[in-house]
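# Observations on the three-dimensional arrangement
Below are the chains, spelled out letter by letter.
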Amino acid sequence: MSTPQLIRYQHPDKGAQVAVVVDDTVYDIPDLTIEAWLRLSVGRVEEAIDELIDLIQSIKGQKLETIHYLPPIDSQEVWAAGVTYMKSREARQEEAEDGGDVYARVYAAERPEIFFKAALKNTVGHGDEVGIREDSQWNVPEPELGVVLNPAMEVVGFTVGNDMSSRDIEGANPLYLPQAKVYSASCALGTGIVLAPSDEFPDTTIRISIVRNGSEAFADAIHTSRIKRTISALVSYLGRSNTFPNGVILLTGTGIVPPSDFTLQAGDVVTITIDDIGTLQNTVKVV
Ligand code: DO4
Ligand code: MG
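Read on for an overview of the structure.

## What to know about the side chain of Thr204
Mapping Thr204 onto the fold places it in the loop between strand E14 (187-194) and strand E15 (205-212). Here Asp275 takes part through its backbone oxygen, which lies 2.6 Å from a polar atom of the side chain of Thr204. Those residues in contact with Thr204 that sit more than four places away from it in its chain are Ile222, His223, Thr224, Ile274 and Asp275.

## Regarding the packing of aromatic side chains
Per the counting criterion, the structure on display carries three aromatic pairs. Each ring, one from Trp79 and one from Phe116, has its centre 5.7 Å from the other, and the planes form 85°; the classification is edge-to-face. Note that Trp79 is positioned in strand E6 (residues 77-82) and Phe116 in strand E7 (residues 113-118), a separation of 37 residues in sequence. Overall, the relative accessible area of 33% leaves Phe116 in the partly exposed class. With a centroid separation of 6.0 Å and an interplanar angle of 40°, the aromatic rings of Phe218 and Phe262 are classed as tilted. You can see Phe218 sitting in strand E16 (residues 215-223) and its partner Phe262 sitting in the loop between strand E17 (248-251) and strand E18 (269-274), a full 44 residues away along the chain. There is no split in this pair, since Phe218 and Phe262 are both buried. Clustering of aromatic rings is evident, with ring pairs tying together Trp79, Phe116 and Phe244. Above the ring of Tyr107, the side-chain terminus of Lys228 is found at 5.0 Å from the ring centroid. The ring of Tyr237 carries the charged tip of Arg240 above its face, separated from the ring centre by 3.9 Å.

## Considerations on the pairing of strand E19 (residues 278-286)
Two elements, strand E9 (residues 129-132) and E19, share four bridges in a ladder whose sense is parallel. Paired with Val130 across the bridge in E19 is Val284. By the bridge criterion, six bridges tie E18 to E19 in an arrangement that is antiparallel. Bridging across to E19, Val269 finds its partner in Thr283.

## Looking at the pattern of salt bridges
Across all of its chains, the model carries 14 salt bridges by this definition. For the salt bridge of Glu47 with Arg44, the shortest nitrogen-to-oxygen distance reads 3.5 Å. You can call Glu47 partly exposed: its relative accessible area is 48%. Salt-bridge contacts for Arg44 lead to Glu51; the nearest nitrogen and oxygen are separated by 2.2 Å. You can call Arg44 partly exposed: its relative accessible area is 21%. Judged by relative accessible area, Glu51 falls into the partly exposed class, the value being 34%.

Rules of the game
Residues numbered from 1 in each chain as written. Chains lettered and ligands numbered in written order. Predicted model: local features only at pLDDT ≥ 70, side-chain atom pairs only at ≥ 80, totals over all residues. Heavy atoms only, no water. Helix = DSSP H or I, 4+ residues; strand = E, 2+ residues; numbered from the N terminus. Polar contact = N/O pair within 3.5 Å; in protein donor to acceptor, adjacent residues only side chain to side chain. Contact = heavy atoms within 4.5 Å. Phe/Tyr/Trp six-rings, centres within 6.5 Å; stacked < 30°, edge-to-face > 60°. Buried < 20%, exposed > 50% of the residue type's maximum accessible area, 1.4 Å probe, protein only. Lys NZ or Arg CZ within 6 Å of the ring centre and 35° of its normal. Pairing = 2+ DSSP bridges. Salt bridge = Lys/Arg side-chain N within 4 Å of Asp/Glu carboxyl O.

Written out as structure tokens, the structure reads:
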């Protein structure tokens, strides 16, 4: 049996629907929300996953065909860690108009950079359009592993994330970070939550490919072992003096940054694959 995945999708009659995907088969769980399941998993993550597996034995599944994915969140916020890979530190220092000392310092510091990234209203799912800002000339995707946490800050699984970023806005002044990071369709997540709880980073590779007019304009890959932080340290800082009663997603930072002369254009197709976690594909639009 493949690792179960919790997804949200748009059902033609019933609207937003939560389902479990196992072995390319979709099992609808009527009335379930991501919020309800994350709450149910507190203190018993493995048991809650086993219950889902038991439940789908009695449900008739349908083969996974064309499906309109929704982002695998409902009331959860998406937060993001930054400058967790050397490549990110180098690229930010290069783009920063003031030399970017702040990035070198945060890379070395014990406290990581963590920022609010998105709520559902600014997040798109696999297959939807992801946004670049109309007031920015330099936009990139950031392919990132997402850690999915329940209200007790226990890891329930992982997802694929895209922390879309406007490099000219961020580079002009670090205080512009929220504008560079948080806008319409600035975050993509999906396809779903892979229910493989672990406090260790999965031993996996994050890959990106950007296709423009049918040709690959950029591709790169990074192994998760290159990250400077641990999941437990990132989660511990996220949870300090803050609570997430419905769970939370934490993107763990990018280790891939396209060269400085690259910017996204409307119509580009961004495909992010994390081995054993999934593939997230979105077309770019100007917002
Ligand atoms: O400090 C800027 C943002 C860093 C970031 O998003 C990343 O490293 O992934
Ligand atoms: Mg990022």
